[in-house]
Amino acid sequence: MDTQQVLLHMNHGMGDNSYAHNSIIQKKVMREAKAIVEESIMRLYAIIPIHCFKVADLGCSSGPNALQLVSNVIDIVDTTTSNLNLKPPVFQFFLNDLFGNDFNSIFKSLPQFSEIIEEKKGQKCGACFINATPGTFYKRLFPNNFLHFVHSSFSLHWLSQAPKELGNEENVHLTSTTPPAMHKAYLEQFRKDFKLFLKLRSQELVPKGGMVLTLIGRDKTQKTHDIRTAWSLIGTTLNDMVLENLIEAIKLESFDLPLYDPTIEEAKEVIEDEGSFTLQRLESVILDWSTNIKEAVEDENNNNLDLNTKAEFTTKFVRAALEPLLKAQFGEKIMDELFVRYKNKIVQLIMEVKLLEFSTLIISLIKKV
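Residues numbered from 1 in each chain as written. Predicted model: local features only at pLDDT ≥ 70, side-chain atom pairs only at ≥ 80, totals over all residues. Heavy atoms only, no water.

Visitor: Any chance you could explain the overall build of the protein chain here in plain terms?
Guide: Each helix and strand in the protein chain was counted, giving 10 helices and 7 strands. With the model as given, the accessible surface of the protein chain reaches about 16800 Å², and the carbon-plus-sulfur share is 50%. (Helix = DSSP H or I, 4+ residues; strand = E, 2+ residues; numbered from the N terminus. Areas by Shrake-Rupley, 256 points an atom, 1.4 Å probe, with all protein chains shown as cover.)

Visitor: Help me understand the environment of F190 in this model?
Guide: Position of F190 relative to the elements: it lies in helix α5 (residues 180–204). For F190, a relative accessible area of 2% corresponds to the buried category. Those residues in contact with F190 that lie beyond four places of it in its chain are L156, L159, L215, Y260, P262, E266, A267 and V270. (Buried < 20%, exposed > 50% of the residue type's maximum accessible area, 1.4 Å probe, protein only. Contact = heavy atoms within 4.5 Å.)

Visitor: Mind showing me how you'd approach the side chain of R218 here?
Guide: Looking at the element boundaries, R218 is found in the loop between β5 (205–217) and α6 (227–243). For R218, a relative accessible area of 16% gives the class buried. From its side chain, R218 meets the backbone oxygen of D261 in a polar contact 2.6 Å long. (Polar contact = N/O pair within 3.5 Å; in protein donor to acceptor, adjacent residues only side chain to side chain.)

Visitor: Would you take a moment to explain the side chain of S359 for this structure?
Guide: Mapped onto the elements of the fold, S359 is located in strand β7 (residues 357–367). At 2.6 Å, the side chain of S359 forms a polar contact with the side chain of S284.

Visitor: Is there a simple way to think about the state of the cysteines in this case?
Guide: By definition, a disulfide links two cysteine residues through a covalent bond between their sulfur atoms. Scanning the entire structure with this criterion turns up 0 disulfides. No disulfide involves C52; its nearest neighbouring cysteine sulfur is the one of C128, lying 10.0 Å away. Here C52 falls in the partly exposed class, since its relative accessible area comes to 23%. (Disulfide = S-S within 2.5 Å.)

Visitor: Would you take a moment to explain the sheet that holds strand β3 (residues 128–134) for this structure?
Guide: Note on sheets: strands pair through backbone hydrogen bonds, and any given pair is parallel or antiparallel. Within the open sheet, the 7 strands sit side by side as β3-β2-β1-β4-β5-β7-β6. Their pairing is mixed. Strands at the two margins of the open sheet, each flanked by one partner only, are β3 and β6 (277–288). Each adjacent strand pair in this sheet contributes to an overall mean axis angle of 15°, direction not counted. Packing against the sheet, helix α4 (residues 103–121) makes contact with β2 (90–97) and β3, and its axis sits at approximately 175° to β3. Each of β6 and β7 touches helix α8 (residues 264–274); the most contacted strand, β6, lies at about 165° to it. (Pairing = 2+ DSSP bridges. Axes fitted to C-alpha atoms, helices over the stretch in contact; angles between N-to-C directions.)

Visitor: How do you make sense of the packing of helix α3 (residues 68–83) against α4 when you look at a structure like this?
Guide: When two helices pack together, their arrangement is given by the angle between the helix axes and by the axis-to-axis distance. Their axes nearest at 12 Å, the elements α3 and α4 cross at an angle of 20°. By the angle class used here, α3 and α4 are roughly parallel. As for how α3 packs across α4, the hand of that crossing is right-handed. In this structure, α3 contributes V70, S71, I74, D75 and D78 to the contact, and α4 contributes F113, I117, K120 and K121. The residue inventory of the contact of α3 with α4, partitioned by class, reads 4 nonpolar, 1 polar and 4 charged. (Parallel < 35°, antiparallel > 145°, perpendicular 65-115°, else oblique. Left-handed = near helix turned anticlockwise from the far one by under 90°. Nonpolar A, V, L, I, M, F, W, Y, C, P; charged D, E, K, R; others polar.)

Visitor: Please clarify how the packing of aromatic side chains should be interpreted in this entry.
Guide: For any two aromatic rings, the description comes down to two numbers: the centre-to-centre distance and the angle of the planes. Under the counting rule described, the total for this entry stands at 14 aromatic pairs. Seen in terms of ring centroids, F91 and F93 are 5.8 Å apart; in terms of plane orientation they differ by 10°. Their pairing is stacked. Just as F91 is buried, F93 falls in that class too. Both rings, one in F339 and one in Y342, keep their centres 6.1 Å apart while their planes meet at 75°; by these two values the pair is edge-to-face. A residue pair is termed a helical-turn pair when its members lie 3 or 4 positions apart in one helix, as F339 and Y342 do in helix α10 (residues 335–353) at 3 residues. The structure contains a cluster of three or more aromatic residues connected by ring pairs, namely Y45, F53, F91 and F93. Of note, K54 hangs over the ring of F146, and the distance from its end group to the ring centre comes to 5.3 Å. (Phe/Tyr/Trp six-rings, centres within 6.5 Å; stacked < 30°, edge-to-face > 60°. Lys NZ or Arg CZ within 6 Å of the ring centre and 35° of its normal.)

Visitor: Quick question: what am I supposed to make of the pattern of salt bridges here?
Guide: Should their charged atoms come close, side chains of opposite charge can pair. In this structure the tally under the stated criterion is 16 salt bridges. Among the salt bridges present, the one from E188 reaches R191, with a minimum N-O distance of 2.5 Å. Highlighted residues: E188 and R191, both in helix α5, separated by 3 residues, approximately one helical turn. With a relative accessible area of 25%, R191 lands in the partly exposed category. Of the charged contacts in the structure, one is a salt bridge between R281 and E283, with a shortest N-O distance of 2.5 Å. Take R281: its relative accessible area is 29%, and that puts it in the partly exposed class. Exposure remark for E283: the relative accessible area of 28% places this residue in the partly exposed category. (Salt bridge = Lys/Arg side-chain N within 4 Å of Asp/Glu carboxyl O.)

Visitor: Please explain helix α9 (residues 307–330) as it appears in this structure.
Guide: In an α-helix, one turn spans 3.6 residues, which is why side chains three or four residues apart end up on the same side. Over its 24 residues, α9 extends only 28 Å from the first C-alpha to the last, a length that falls short of the 34 Å expected when each residue adds 1.5 Å. Of all the bends found along α9, the most pronounced is centred on L322 and spans about 60°, while P324, a proline, follows it within four residues. Following α9 by one or two positions, G331 adopts a phi angle in the positive range, close to 95°. (Expected span 1.5 Å × (residues − 1). Bend = angle between axes of the 7 residues up to and from the residue.)

Spelled out as structure tokens, the structure:
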């Protein structure tokens, strides 16, 4: 098994640095995409008889967001079937992530989740079966013509691997000073992975099945304040620690983050080249890093939050996502020091650019017949 499939996961558990407590941005993205998910499911019901609605959430992670899609889909189908005077279907949800994912925390939350659904829907809601499907979505996960709807939120910017032989001794990701060859290598890896993802899902979806994807993107007008700056600041921080002999240089030289943030044009090109899907929507939504921060801290006015609070929020978001990979490469002992330094760099960055933003791509697709 590929080592990355074990190491690549969000921080486990319910602690202060866990993904469960630091995924408010992802929750906001799911809210942004909910109307498009609704549109896709309503279209399905207009053209396909559905008795058992099979839905896969690819890259579900853990924490409260892991079951958010399940709740959203049940609400959407309940409204749709009521409007069409149809009998509600049986639901079968498949929660997918890599083998290192904290599936146990999801399982433990299922009894309470089921009670909430039963209380809200009563007998109106069809039976709901929830399954875990561990494995990489860059391989087949389901039988042919099996799924009605595929969802993936904030996952497809993760590549199957970082491009090989980058010769990237100092940077762990793309920066404004990165050589063009490295940019090209990352883009080619994204094209290869995304094309494979589309091909595999086209085999697993029923004809005319729907798919809604969200991923961190890149707006061509964004410069110093785009999401890539957050990834590259990890490299800057690690370099500082190498100079102070806190980290071995050889460990940094052999480490690259397997992340790529495509533009709308880059994503569209791959979809059209792969050819299995009709593109319904491809939108870019610009969000502030401190989006919904007031849900995480006790402050009624987001604008009054000080720099340290905003930087801490951003740091915890990044730490929840990257710490397992960083810990495996550089060791657990330096993690606290690494992220204290990282937070200080985020403070400096906010002072320079005032607003940290990132682009999220929302993509809605229909499998061709």
